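Chain residues, written in single-letter form:
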Amino acid sequence: MPYDLKQEFESASIKHLLFKSKLRSFLYGSGTSEAPIRDPQACIFGHWIAERALPDFGHLPETRELDRAHIKIHHVANRLMDLHQRGHKEEAIAGLSEINALADHITKLLRTMEQKLRAEQ
């Protein structure tokens, strides 16, 4: 059975979007678990990066950049969650624009990685 890069990267994108969704839910007051939002190693996208992307696609410079961008988005999420917990809910929600910019960068990195890997096949 041939390796399906499209499915691999679609799955990674969904994992990434799930993080964004969980953060948004938290900031809008749901009882979402904090650990997968706060800790880049605890989220499923972080697991994919550590267990799949770095070992198998680490030869691409975008993979290391993806890892750094993933850690950065969690740092920003922590700051927004802290603001929210200190009662600065509107300021925290306004910070989602920064999250969206970082998330767009991550999505572009995933697309670039997939394209480069396709070219290698």
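None of the values given here were measured: they were computed from a predicted structure. (Residues numbered from 1 in each chain as written. Predicted model: local features only at pLDDT ≥ 70, side-chain atom pairs only at ≥ 80, totals over all residues. Heavy atoms only, no water.)

What is the right way to read the environment of A42 from this model?
Mapped onto the elements of the fold, A42 is located in the loop between α2 (35-38) and α3 (44-57). For A42, a relative accessible area of 30% translates into the label partly exposed. Excluding residues within four positions of it along the chain, A42 makes contact with A35, P36 and H47. (Helix = DSSP H or I, 4+ residues; strand = E, 2+ residues; numbered from the N terminus. Buried < 20%, exposed > 50% of the residue type's maximum accessible area, 1.4 Å probe, protein only. Contact = heavy atoms within 4.5 Å.)

How do you make sense of the packing of helix α1 (residues 5-27) against α3 when you look at a structure like this?
A pair of packed helices is captured by two measures, namely the crossing angle of their axes and the spacing between those axes. Interaxial distance between α1 and α3 falls to 9 Å at its minimum, and their mutual angle equals 145°. Here the hand of the crossing between α1 and α3 comes out left-handed. When α1 is examined against α3, the residues E8, F9, A12, K15, H16 and L18 are found in contact with a partner set consisting of I44, F45, W48, R52 and F57. A breakdown of the residues in the contact of α1 with α3 according to their chemical character gives seven nonpolar, one polar and three charged. (Axes fitted to C-alpha atoms, helices over the stretch in contact; angles between N-to-C directions. Left-handed = near helix turned anticlockwise from the far one by under 90°. Nonpolar A, V, L, I, M, F, W, Y, C, P; charged D, E, K, R; others polar.)

Explanation requested: helix α6 (residues 96-120) in the structure shown.
Think of an α-helix as turning once every 3.6 residues; residues three or four places apart then point the same way. Compared with an ideal rise of 1.5 Å per residue, which puts 25 residues at 36 Å, α6 spans 36 Å between its outermost C-alpha atoms and is within 8% of the ideal. Buried within α6 we find L96, I99, L102, A103, I106, L109, L110, M113, E114 and L117. Where α6 is buried, its residues meet α1, α3, α4 (61-85) and α5 (89-94). (Expected span 1.5 Å × (residues − 1).)

Honestly, the pattern of salt bridges in this entry has me stumped. Any pointers?
If charged atoms from side chains of opposite charge come close, those side chains can pair. For the structure on display, the rule yields eight salt bridges. K116 is the salt-bridge partner of E62, the closest N and O atoms lying 2.6 Å from each other. One end of the pair, E62, is in helix α4; the other, K116, is in helix α6, and 54 residues separate them in sequence. Taking relative accessible area as the criterion, K116 reaches 33% and is therefore assigned partly exposed. With a closest N to O distance of 2.5 Å, E98 and R79 form a salt bridge. Pair noted here: E98 is in helix α6 and R79 is in helix α4, with a separation of 19 residues, a long-range link. The partly exposed category is assigned to E98, whose relative accessible area is 33%. Residue R79 is classed as partly exposed on the basis of its relative accessible area of 38%. Linked by salt bridges that have partners in common, E8, R52 and D56 make up one network. (Salt bridge = Lys/Arg side-chain N within 4 Å of Asp/Glu carboxyl O.)

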